[in-house]
Amino acid sequence: MKFFIDTANLDQIKEAQALGILDGVTTNPSLMAKEGITGHDNILKHYKAICDIVDGDVSAEVVSTDFEGMIKEGEALADLHPQIVVKVPMIKEGLKAIAYFTEQGIRTNCTLVFSIGQALLAAKAGATYVSPFIGRLDDISTDGLVLIEDIRTVYDNYEYETQILAASVRHTMHIVECAKIGADVMTGPLNAIEGLLKHPLTDSGLEKFLADYAKGNS
Ligand code: E4P
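The following paragraphs examine the structure supplied in this document. (Residues numbered from 1 in each chain as written. Predicted model: local features only at pLDDT ≥ 70, side-chain atom pairs only at ≥ 80, totals over all residues. Heavy atoms only, no water.)

**Some details on the pattern of salt bridges**
In total, this model carries 9 salt bridges according to the counting rule given. Note that D156 and R152 form a salt bridge whose closest N and O atoms lie 3.2 Å from each other. Pair noted here: D156 and R152 are both in helix α8 (residues 144-158), with a separation of 4 residues, about one helical turn. Relative accessible area serves as the criterion here: at 45%, D156 is assigned to the partly exposed category. Of the charged contacts, one joins D184 and R152 as a salt bridge, the two residues approaching to 3.1 Å between their closest N and O atoms. One end of the pair, D184, is in the loop between α9 (172-181) and β8 (185-188); the other, R152, is in helix α8, with 32 residues separating them in the sequence. Residue classification places R152 among the buried positions, given a relative accessible area of 13%. A single salt-bridge network, built from bridges that share partners, covers R152, D156 and D184. (Salt bridge = Lys/Arg side-chain N within 4 Å of Asp/Glu carboxyl O. Helix = DSSP H or I, 4+ residues; strand = E, 2+ residues; numbered from the N terminus. Buried < 20%, exposed > 50% of the residue type's maximum accessible area, 1.4 Å probe, protein only.)

Printed below as a string of structure tokens:
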């Protein structure tokens, strides 16, 4: 499973990259605003800065909601850096834009996906990634992981190449469950990724090893 970090914070991206397990980054307009990155030119500069830190795919979201606007924005984003994947919302105009980008060889991430039907459409339009938001489904008392399972089944039934990018991952167990289901990618915060490292038996075992080593060397 590929690991993406879901942030626009450069320090956290650097930290995740230093772990040696990072495969890419996802951002969205809210994550950019959270870092105080506003204005078209600053946002483009920030995407470039992210691409300079990581080796993998970096999702950059369009903010137009009409087909022409999405095309113009998406083409400019794709021209910015070869690592950019154009993130497009799952609305009617977005679906048309994804189909257009697919024909042009521009990679896409279909975002704000909350149902199997939406995921099916994204795959038919040729999206590179589909982003079902599991945490936001959990927030409204609907099991987000069930959606990941269902999309896996549907995509496997028809051998769609669109990669399932489990998004809105909120905690470590989401990552573990996504891996068990067979999501192709997960995107989550640094603390959820680092949670995978932790085990009390690792800590107590290491403490004992180091204490025994110190005895032999004193
Ligand atoms: C996905 O690409 C989105 O940026 C993200 O995962 C949304 O997560 P949230 O529901 O925690 O805001």
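Now that the structure has been shown, we can carry on.
**Examining unusual backbone geometry**
Despite not being glycine, L112 shows a phi value in the positive range, around 60 degrees. By secondary structure assignment, the location of L112 is in strand β5 (residues 108-113).

**Quick look at the site of the ligand**
Contacts to the ligand come from D6, T26, N28, L31, K87, F133, R136, A167, S168 and R170. The separation between an oxygen atom of the ligand and a polar side-chain atom of N28 is 2.7 Å. Contact distances for the ligand include 2.6 Å between an oxygen atom and a side-chain N or O atom of S168. The protein chains hide 86% of the 340 Å² of surface that the ligand would expose on its own. Looking at the shell around the ligand, its residues break down into 3 nonpolar, 3 polar and 4 charged. (Near = heavy atom within 4 Å. Polar contact = N/O pair within 3.5 Å; in protein donor to acceptor, adjacent residues only side chain to side chain. Areas by Shrake-Rupley, 256 points an atom, 1.4 Å probe, with all protein chains shown as cover. Nonpolar A, V, L, I, M, F, W, Y, C, P; charged D, E, K, R; others polar.)

**Side note on the pairing of strand β7 (residues 163-166)**
Of the strand pairs in this sheet, strand β6 (residues 129-132) and β7 are connected by 2 bridges, and their pairing is parallel. Bridge pairing links Y129 to Q163 in β7. Taken together, the 2 bridges between β7 and β8 define a ladder with parallel strand orientation. For L165, the partnering residue across the bridge sits in β8 and is V185. In this fold, the crossover linking β7 to β8 by way of α9 has right-handed handedness. (Pairing = 2+ DSSP bridges. Right-handed = clockwise from strand over helix to strand, strands pointing away.)

**Considering the pairing of β8**
What you see with β8 is no split at all: V185 and T187 on one side and M186 and G188 on the other are buried throughout. The sheet contact formed by strand β1 (residues 2-6) and β8 spans 4 bridges and is parallel. Within the sheet, the bridge partner assigned to I5 lies in β8 and is G188.

**Some details on a nonpolar patch on the surface**
Judged by side-chain polarity, L206, F209 and L210 come together as a nonpolar surface patch covering roughly 350 Å² of accessible area. Among the structural elements, L206 can be located in helix α11 (residues 200-216). (Patch = residues over 30% accessible without salt bridge, like charges linked within 9 Å, V, L, I, M, F, W, Y side chains within 5 Å.)

**Examining the packing of aromatic side chains**
All chains considered together, the criterion is met by 6 aromatic pairs. Geometrically, the ring pair formed by F67 and Y100 is edge-to-face, given 6.0 Å between the ring centres and 85 degrees between the ring planes. You can see F67 sitting in helix α4 (residues 67-80) and its partner Y100 sitting in helix α5 (residues 92-104), a full 33 residues away along the chain. Using a relative accessible area of 21% as the deciding quantity, one classes F67 as partly exposed. Between Y158 and Y160, the aromatic rings sit 5.9 Å apart at their centres with planes inclined by 40 degrees, giving tilted as the arrangement. By way of ring pairs, the aromatic residues F67, Y100 and F101 are connected into one cluster. (Phe/Tyr/Trp six-rings, centres within 6.5 Å; stacked < 30°, edge-to-face > 60°.)

**Some details on α5**
In this model α5 runs 19 Å from its N-terminal to its C-terminal C-alpha over 13 residues, within 8% of the 18 Å that 1.5 Å per residue would give. Every buried residue of α5 is listed here: G94, A97, I98 and F101. Mapping the buried residues of α5 onto a view down its axis gives an arc of 105 degrees, with all of them on the same face. Across α5 from its buried face, at more than 90 degrees, point the exposed residues K92 and E103. The inward-facing, buried residues of α5 abut α4, β4 (84-89) and β5. Following α5 by one or two positions, G105 has its phi on the positive side, about 80 degrees. (Expected span 1.5 Å × (residues − 1). Arc of directions from axis to C-beta. Contact = heavy atoms within 4.5 Å.)

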